[in-house]
Amino acid sequence: MFTEAEGKSLLSEFGIDTPQGIEIAVGQELPAHLREPLVVKAISATLVHKSDAGGVRVGVTRAELVDVAAQMRDSLADFGHVLEGLLVEEMVPAGHEIIVGAVRAPGLGWTVMVGLGGILVEVFEDVAFGLAPLSENQIRDMLAELRGMKVLNGARGGVKADIDALVALISRLAGPDGLLASLPEDVTEIDLNPVIVSDTRAVAVDARFVVGTGDSTEATGTERRDGTPTDFGPLFRPRRIAVLGASGKRPNLANRFIRNLVAGGFDGTIVPIHPGEAILEGLPALASLSELAEPVDYAFVALPAARVSEALRHGAGKVRFAQVVSSGFGEVEEGKELEDTLVATVREAGIRLIGPNCLGTHASAGRLSFVPEAPLTPGNTAVVSQSGGLSVDILRVGAFRGIDFHSVVSIGNSADVNAAELVESFLHNDEVHVIGLYLESLSVAREVLNVLDRAETRKPVVLLAGGRTAGGSRAATSHTGALAGNHRLWPAIARQAGMTLVDSLDDFATALHALSTLDLRIEPTGRGAVLFGNGGGASVLGADALDREGVATLPLDDSVISGLEALDLPPGNGFHNPIDVPAGTLAVRSGAVAGDILKLVLAGSEPAVLISHLNVGIIQRNLGATHGDVTGNIIDSIARARDESTSNTHQLLVLKTDGSAGTEELIRTYAQRARQQGIPVFPAFEDAALASRAVLEQGRQTHQASLGADGR
Ligand code: ADP
Ligand code: MG
């Protein structure tokens, strides 16, 4: 057990500032070196929150010590505690009260929290989390997340806190060589509540170390395998596929898998495996994997759970990847043992296992898919999903929103191959430019974080996290533990790993579409966004949406505005940012006028993003018959303005529908035309705003990484 004094001496061993103090027995003389004013704290084995039982007195003089002790004894007695001694400390001068804490979470290691004490933590829960070990920059990123940061910086005449001292304190606690890393496993929670941060120091005036039952000692982010990395190439371009579980009598999932393969134009060899049928789905079958004359790259296994291990045992040395779609394994209590056996079997047999309890793998270039009529245009976006059902939606919604997939792998229980290993392989795969993850497990996310941390190269990563609701994640005795819910840990992992975190399937598709369409090698030099299009109110709402995503809509320079005025356009334009033009202006030179406007903006403002928005319904109705293909010409002008400009600007396009079937159809063709020219298209401003954030965020990550690599 740790007393407060023991905790504090441990803190000071690690260079963390604590008040001068001493434990004394009631009535014992106080050593001369302690300077007034003093703080007197009760020592009692049963007392947790000392102040609640009158166990803390601040601003005490030596002369008052005897009286204070007597009052404390009575007050503690009222609450059923026995005063065993006193901790007498020097009183630290006033400052901001900050709570710093840490909780050991299964599969995550130490999660670290910082928040502003008092009402901001209690009521607003204004706290930020991070995962140890934390670099100083990561600690600063955490602090930047606090809404109360302005208060620390001296807002409204308050003390300007010594942020560097606070960062140093957290670093001594949670940095690579910090206290947390050296604590015995049975210490599960720490609260330094408060740390008093003045304009010159940060002092931990209270320290509570919770010693737990030791049940949270699960390893953190452990890599499951060692040895040479697996080459996933054959998974995404299989030449020979075995299918286990198809029926000669009643067509099932495995039969449909074969039919999908054939219908999708898979031109390799398909070998059904069945103990009793010679022909399945018109293809010659083998009785067991052991009869394979040549190895297969991929085996699709849809057998009852109890029969899977035995069937795969026969595939020793003959199967590279086996995807077990069957359920009834580790996801249910009765299946845990079956899953252990399955893992042992595939290890023995030299097979890499995907699943169990999943749907399959989609690989466009390999014409392999688990969904009927899958979109098979090869692309640069690779997705790993912990949910099977959602992986189907990701494929369908994603394709509809303009994403061409390299692959979508549904990994289910990921008993062997997991998301982190696939991410690692994608980082080395030149065909993959963008990575999307749907994860439900924080510990898997932590492993991905470790992979990204270690990696020499960087690619954009978008994370859709399942299970982000507030409910407390574990029974906790500390403040920190009580606040360490999943809804806080996901953002912490995403921030630290540099992943863009999104809330919905739509946002996931939006971010992936933008990242896979735009050229992220372009590094914007300017800031903020410029908006251009028709519909004044729409563009005001658009600017608001951008603001919510942290992207500013800055006013245009006078020189740009006078340049726009000199174009001598029809009346009714607004040349401040957002740039609003009526349909009449868009009609000039059948839309080609957009090129003149955008070129002036790019040259004069060099914004980080330029979003054009067109109300296709209105343009079509007002100009369609008289002015030709205005929308199409504007799209081509956007691309041309980009190509002829030296500005490092990402251009995005919003095509708004009026809901009519005709307009929808037109938008589909226009969207394709834009995408083919490298311009991502979104149905609403909100989507373009999210996409802008994702592109700027991920662009920064990739450029930082390449700088880091160069500097090494
Ligand atoms: P509790 O067990 O109630 O959390 P603390 O040790 O945190 O007790 O003390 C309660 C409050 O007293 C702190 O929040 C802080 O405001 C103040 N305090 C405690 N120790 C000191 C100190 N050494 N110097 C200045 N203020 C202190
Ligand atoms: Mg306290």
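Description of the structure in this document. The shown structure was predicted, so the numbers you read here are calculated from the model rather than taken from an experiment. (Residues numbered from 1 in each chain as written. Chains lettered and ligands numbered in written order. Predicted model: local features only at pLDDT ≥ 70, side-chain atom pairs only at ≥ 80, totals over all residues. Heavy atoms only, no water.)

**Considerations on the coordination of the magnesium ion (ligand 2)**
For a metal bound by four donors in tetrahedral geometry, the ideal donor-metal-donor angle is 109.5 degrees, whereas six donors in octahedral geometry ideally sit at 90 or 180 degrees.
Working step 1: At 2.1 to 2.2 Å from the magnesium ion (ligand 2) lie its protein donor atoms, namely Asn193 (O) and Asp206 (OD). Of the two residues, Asn193 is situated in strand β8 (residues 187-197) and Asp206 in the loop between β9 (202-204) and β10 (208-211); the sequence distance between them amounts to 13 residues.
Working step 2: Taking relative accessible area as the criterion, Asn193 reaches 27% and is therefore assigned partly exposed.
Working step 3: Assessed through its relative accessible area of 17%, Asp206 is described here as buried. (Donors = N, O, S within 2.8 Å, 3.2 Å for Na, K, Ca; no water. Helix = DSSP H or I, 4+ residues; strand = E, 2+ residues; numbered from the N terminus. Buried < 20%, exposed > 50% of the residue type's maximum accessible area, 1.4 Å probe, protein only.)

**What about the site of ligand 1?**
Working step 1: Around ligand 1, the surrounding shell holds 18 residues, and the nearest of these are Lys41, Lys50, Ser51, Val92 and Glu97.
Working step 2: The separation between an oxygen atom of ligand 1 and a polar side-chain atom of Lys50 is 2.9 Å.
Working step 3: For ligand 1, an oxygen atom lies 3.0 Å from a polar atom in the side chain of Asp206.
Working step 4: Taken by itself ligand 1 offers 540 Å² of open surface, and the protein chains cover 85% of this.
Working step 5: For the shell around ligand 1, the per-class residue count stands at nine nonpolar, three polar and six charged. (Near = heavy atom within 4 Å. Polar contact = N/O pair within 3.5 Å; in protein donor to acceptor, adjacent residues only side chain to side chain. Areas by Shrake-Rupley, 256 points an atom, 1.4 Å probe, with all protein chains shown as cover. Nonpolar A, V, L, I, M, F, W, Y, C, P; charged D, E, K, R; others polar.)

**What to know about the sheet that holds strand β26 (residues 609-615)**
Working step 1: What the five strands build is an open sheet, ordered β25-β24-β26-β27-β28; its pairing is parallel. Looking at which strands have only one partner, the edges of the open sheet turn out to be β25 (579-580) and β28 (681-682).
Working step 2: Where β26 lies against strand β27 (residues 650-656), seven bridges are found, and the strand directions are parallel. Bridged to Val609 within β27 is His650.
Working step 3: Those strands touched by helix α23 (residues 630-644) are β26 and β27, and its axis lies near 170° from that of β27. (Pairing = 2+ DSSP bridges. Contact = heavy atoms within 4.5 Å. Axes fitted to C-alpha atoms, helices over the stretch in contact; angles between N-to-C directions.)

**Topic: unusual backbone geometry**
Working step 1: Following Glu36, the chain continues to Pro37 via a peptide bond in cis, the omega torsion being -5°.
Working step 2: Of the consecutive residues Asn577 and Pro578, the connecting peptide bond is found in the cis state with omega at 0°.
Working step 3: Relative to the elements of secondary structure, Pro578 occurs in the loop between α19 (558-565) and β25.
Working step 4: Residue Asp568 is not a glycine yet carries a positive backbone phi of 60°.
Working step 5: Mapped onto the elements of the fold, Asp568 is located in the loop between α19 and β25.

**Describing the nonpolar core**
Working step 1: Within the largest apolar cluster, 64 residues are counted, with the highest numbers of intra-cluster contacts made by Leu437, Leu439, Val448, Leu463 and Met499.
Working step 2: Considering each element in turn, this core owes the most residues, seven residues, to helix α14 (residues 442-454).
Working step 3: Those residues in contact with Leu439, other than ones at most four positions away along the chain, are Gln386, Ala419, Val444, Ala445, Val448, Leu463, Leu464, Ala465, Gly466 and Trp490.
Working step 4: Core analysis: the second largest hydrophobic core is formed by 44 residues, Ile394, Tyr438, Leu512 and Ala543 among them. (Core = buried A, V, L, I, M, F, W, Y, C linked by side-chain atoms within 4.5 Å.)

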